[in-house]
Amino acid sequence: MKRPDPHGICRIGTAQLRGPLRSWTGRWTVVLLLLLPTVLIARPDAGPASARTVKAAFLRNFAHYVTWPPTAFVNENSPWNIGILGDAPLGDAVEKICRDRTEQGRPFAVFRADTPDALPSCQIVFVAYKDATKRREALARLKTRPVLTVGDAPEFLEEGGIIRFRTSDRMEMSINLDQARAVSLGVQTQMLELAREVLVNGVMNKLR
């Protein structure tokens, strides 16, 4: 298992993964979203609503830090389609944070459904099922498509998801780089530098 070297850098593939960023103090004090100018401040007592807002901001910002093959879009004017499976409150937060926003000239569209088959073609899908069987079935349906799958179940990466959120006193994410590469998604170095863990070549690398 690879760990950061004494200078705080661990190499995975061609990317340099830096060691721990300075910890955020207090519960939901300040969350830096993927090095974008967007900084979200949440009250310590904000609870689940705050967590959903942070997740929604990450989902929107992934459009900036992940690259998709051209075949993932109908045409150059197609929107970023974000699908939410099984979590209506998160869908509300994503709709709010994506409203009137664009990335690379594309607007955002948010869709909610109970099953993957009920979603249109999406670039990003948050799989919120608590039921492990439903979650694995959804990931199996999406695993060959150029879709960035995101979730927060502890086993999400092992099940074939690409990004897993972990919420404690701060938001952390782990990345399944093997699955991202398998569906031709490119994950920029800035995202890898913020990751808690990266699964690459079948090995889970703990970075902080």
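What counts and what doesn't
Residues numbered from 1 in each chain as written. Predicted model: local features only at pLDDT ≥ 70, side-chain atom pairs only at ≥ 80, totals over all residues. Heavy atoms only, no water. Buried < 20%, exposed > 50% of the residue type's maximum accessible area, 1.4 Å probe, protein only. Helix = DSSP H or I, 4+ residues; strand = E, 2+ residues; numbered from the N terminus. Pairing = 2+ DSSP bridges. Right-handed = clockwise from strand over helix to strand, strands pointing away. Arc of directions from axis to C-beta. Contact = heavy atoms within 4.5 Å. pLDDT = per-residue confidence, 0-100.

**Focus on the pairing of strand 9 (residues 124-127)**
By the alternation rule, side chains of strand 9 split into Ile124 and Phe126 and Val125 and Val127, which are all buried. As paired elements, strand 6 (residues 80-85) and strand 9 share four bridges and run parallel to each other. The residue bridging Ile82 from the neighbouring strand is Ile124, located in strand 9. Note: strand 9 against strand 10 (residues 148-151), three bridges, orientation parallel. Each residue of the ladder has a partner; that of Phe126, found in strand 10, is Val150. Handedness of the β-α-β unit built from strand 9, helix 3 (residues 132-142) and strand 10 comes out right-handed.

**Overview of helix 3**
Spacing of three or four residues puts side chains on the same side of an α-helix, whose turn is 3.6 residues. Restricting attention to buried positions, one finds in helix 3 the residues Arg135, Ala138, Leu139 and Leu142. Projected onto a plane normal to the axis of helix 3, the buried residues spread over an arc of 95° and lie on a single side. Check the buried side of helix 3 and you find it contacts strand 6, strand 9 and strand 10.

**Structural notes on helix 2 (residues 88-98)**
Listing the buried residues of helix 2 in full gives Leu90, Gly91, Ala93, Val94, Ile97 and Cys98. Seen along its axis, helix 2 keeps its buried residues to an arc of 160°; they face one direction. Downstream of helix 2 by one or two residues, Asp100 has phi in the positive range, about 65°.

**Quick word on the confidence of the model for the chain**
Per-residue confidence for the chain gives a mean pLDDT of 81, with 76% of residues at or over 70. Under a pLDDT of 50 for its full length, residues 1-46 has, in the predicted model, 100 contacts with residues more than four places off or in other chains.

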